[in-house]
Amino acid sequence: AYENILVEKKPPIGYITVNRPKVLNALNIKTVLELMDAFEGMANDDEVRVVILTGSGEKSFVAGADIKEFQNLSPDGARQYAMRGQKLLNLIERLGKPVIAAINGYALGGGCEIAMACTIRVASENAKLGQPEVGLGLIPGYGGTQRLPRLVGKGRAYEMILTGRHIDATRAEQIGLVNKVVPQASLMEECENIAKAIAKQAPLAIRYCLEAVDRGLNGSLDDGLALEADLFGLVFGSEDVKEGVSAFIEKRKPEFR
Ligand code: CAA
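Residues numbered from 1 in each chain as written. Predicted model: local features only at pLDDT ≥ 70, side-chain atom pairs only at ≥ 80, totals over all residues. Heavy atoms only, no water.

### Describing the overall build of the protein
- Helices and strands together make up the secondary structure of the protein, namely ten helices and ten strands.
- The globule rule puts the C-alpha radius of gyration for 257 residues at 18 Å, and the 19 Å found for the protein is close to it.
- Its C-alpha atoms give the protein principal-axis dimensions of about 65 × 40 × 35 Å.
- The proportion of buried residues among the 257 residues of the protein is 44%.
- Of the contacts formed within the protein by residues at least 6 apart in sequence, a portion of 69% connects residues at least 24 apart.
- Here the protein displays about 13,600 Å² of accessible surface, and carbon together with sulfur accounts for 53% of that area.
- For the protein, the separation between the mean place of its 31 positive charges and that of its 33 negative charges on side chains is 2 Å. (Helix = DSSP H or I, 4+ residues; strand = E, 2+ residues; numbered from the N terminus. Rg over C-alpha atoms; globule rule 2.2 N^0.38 Å. Buried < 20%, exposed > 50% of the residue type's maximum accessible area, 1.4 Å probe, protein only. Contact = heavy atoms within 4.5 Å. Areas by Shrake-Rupley, 256 points an atom, 1.4 Å probe, with all protein chains shown as cover. Lys, Arg positive; Asp, Glu negative; His and termini not counted. Charge placed at Lys NZ, Arg CZ, Asp CG, Glu CD.)

### Here we look at the side chain of T54
- The topology assignment puts T54 in strand β3 (residues 50-55).
- Within the structure, the side chain of T54 is placed 2.9 Å from the backbone oxygen of A102, a separation counted as a polar contact. (Polar contact = N/O pair within 3.5 Å; in protein donor to acceptor, adjacent residues only side chain to side chain.)

### Some details on the side chain of S56
- As for its placement among the helices and strands, S56 is situated in the loop between β3 and β4 (60-62).
- Within polar-contact distance, the side chain of S56 engages the side chain of N19 at 2.7 Å.
- Apart from the residues within four sequence positions on either side, S56 is in contact with L6, T17, V18, N19, P21, N25 and N104.

### Quick look at the site of the ligand
- Near the ligand there are 23 residues, and of these K59, A65, G110, E113 and E133 occur at the shortest range.
- Contact distances for the ligand include 3.5 Å between an oxygen atom and a backbone N or O atom of K22.
- E113 is positioned such that a nitrogen or oxygen atom in its side chain is 2.6 Å from an oxygen atom of the ligand. (Near = heavy atom within 4 Å.)

### Observations regarding the nonpolar core
- Core analysis: the largest hydrophobic core is formed by 46 residues, its most contacted members being L35, F39, L53, I103, L129 and L177.
- Sort the elements by how many residues they give to this core and helix α1 (residues 29-43) lands first, with six residues.
- Dropping the residues within four chain positions of it, L53 is found in contact with I16, V18, L35, F39, F61, V99, I100, A101, A102, I114 and C118. (Core = buried A, V, L, I, M, F, W, Y, C linked by side-chain atoms within 4.5 Å.)

### Notes on the packing of aromatic side chains
- On inspection of all chains with the given rule, the structure shows three aromatic pairs.
- A ring pair is formed by Y81 and Y142, whose centres lie 6.1 Å apart and whose planes are at 20°; its orientation type is stacked. Of this pair, Y81 sits in helix α2 (residues 75-93) while Y142 sits in the loop between β8 (128-130) and α4 (144-152), placing them 61 residues apart in sequence. There is no split in this pair, since Y81 and Y142 are both buried. (Phe/Tyr/Trp six-rings, centres within 6.5 Å; stacked < 30°, edge-to-face > 60°.)

### Considerations on α4
- Residues of α4 that are buried include every one of G144, R147, L148 and V152, and no others. Buried residues of α4, seen end-on, are gathered within an arc of 105° and therefore sit on one face of the element.
- Of the surrounding elements, those touching the buried residues of α4 are α2, α3 (110-117) and α5 (154-163).
- G153 occupies a position one or two residues after α4 and carries a positive phi of about 95°. (Arc of directions from axis to C-beta.)

### Things to note about the pairing of strand β1 (residues 5-10)
- Summarising the sheet, β1 and strand β2 (residues 13-18) pair through six bridges and their orientation is antiparallel. Opposite E8, over in β2, you have Y15 as the bridge partner.
- Between β1 and β2, which pair antiparallel in sequence order, lie two residues. (Pairing = 2+ DSSP bridges.)

### Examining the packing of α3 against α4
- Where α3 meets α4, the closest approach of the two axes is 10 Å, and the angle between their N-to-C directions is 55°. Considered as vectors, α3 and α4 are oriented oblique to each other. As α3 packs across α4, the resulting crossing turns out to be left-handed. Counted together, E113, M116 and A117 of α3 and G144, R147, L148 and L151 of α4 form the full contact between these two elements.
- The residue inventory of the contact of α3 with α4, partitioned by class, reads four nonpolar, one polar and two charged. (Axes fitted to C-alpha atoms, helices over the stretch in contact; angles between N-to-C directions. Parallel < 35°, antiparallel > 145°, perpendicular 65-115°, else oblique. Left-handed = near helix turned anticlockwise from the far one by under 90°. Nonpolar A, V, L, I, M, F, W, Y, C, P; charged D, E, K, R; others polar.)

Structure, rendered in structure tokens:
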């Protein structure tokens, strides 16, 4: 039983919803800890192949860290605060299964950051994304200074981080911050379509693709290529490769396990 999130499972999809609509789903410490627990549960549940993360209501995905918790925060407390959030986002990024962010409104500060830790981002037309921390006198603390430039390039990331301005969904799609923009009424359906397409594929291959891209991007091209070759080798130890290749040759649909 969680206080601030909703968790649901309709195999092959797991749903996690931040549920503090009165504060536009701002992330307080309790919510971060609950999300960690829920994502760990999804990671260990073989029936869940893809997770969809969203926010309650029609106005906001996540409006950032809960600013009320910043009052009286000591420098060391703030460092711990950032590290706790970063741990959650690393967990999401390295879950071993894809996480789709269904951005149904404001994704600001920690909200934009948690979306960036997801594998794929789909936004509704009313979504607004931004890193407004400098307007509060602080800086992004849940990975914004690192993941945003990796996703959209240094110049565009600087523009968002230094002006603190929100951008709309169309602009977010233009700069590659979200994969696509859809009307709010079809946001969940669109995310579920992507999730189902992924869930049809071989689960081990999906896991290795995530690892190759995520770990590869953090190192040199040569290291990334070596990792890819290793994982390409490793995946050949799976029954699913035999099944996938035979199914192609026998002109039938594969049944992955
Ligand atoms: N923390 C705590 N409460 C928040 C919040 C947040 N991040 N965002 C919104 N709320 C609360 C408001 O205080 C308000 O509560 P009350 O009704 O009790 O006053 C309620 O949610 C509704 O918000 P508004 O009345 O402000 O709604 P609006 O439509 O006028 O504005 C908004 C919406 C532009 C998103 C505005 O709420 C806003 O600017 N929110 C703060 C966004 C922000 O700065 N996020 C970054 C936080 S810092 C961070 O995330 C650091 C990090 O990297 C980890």
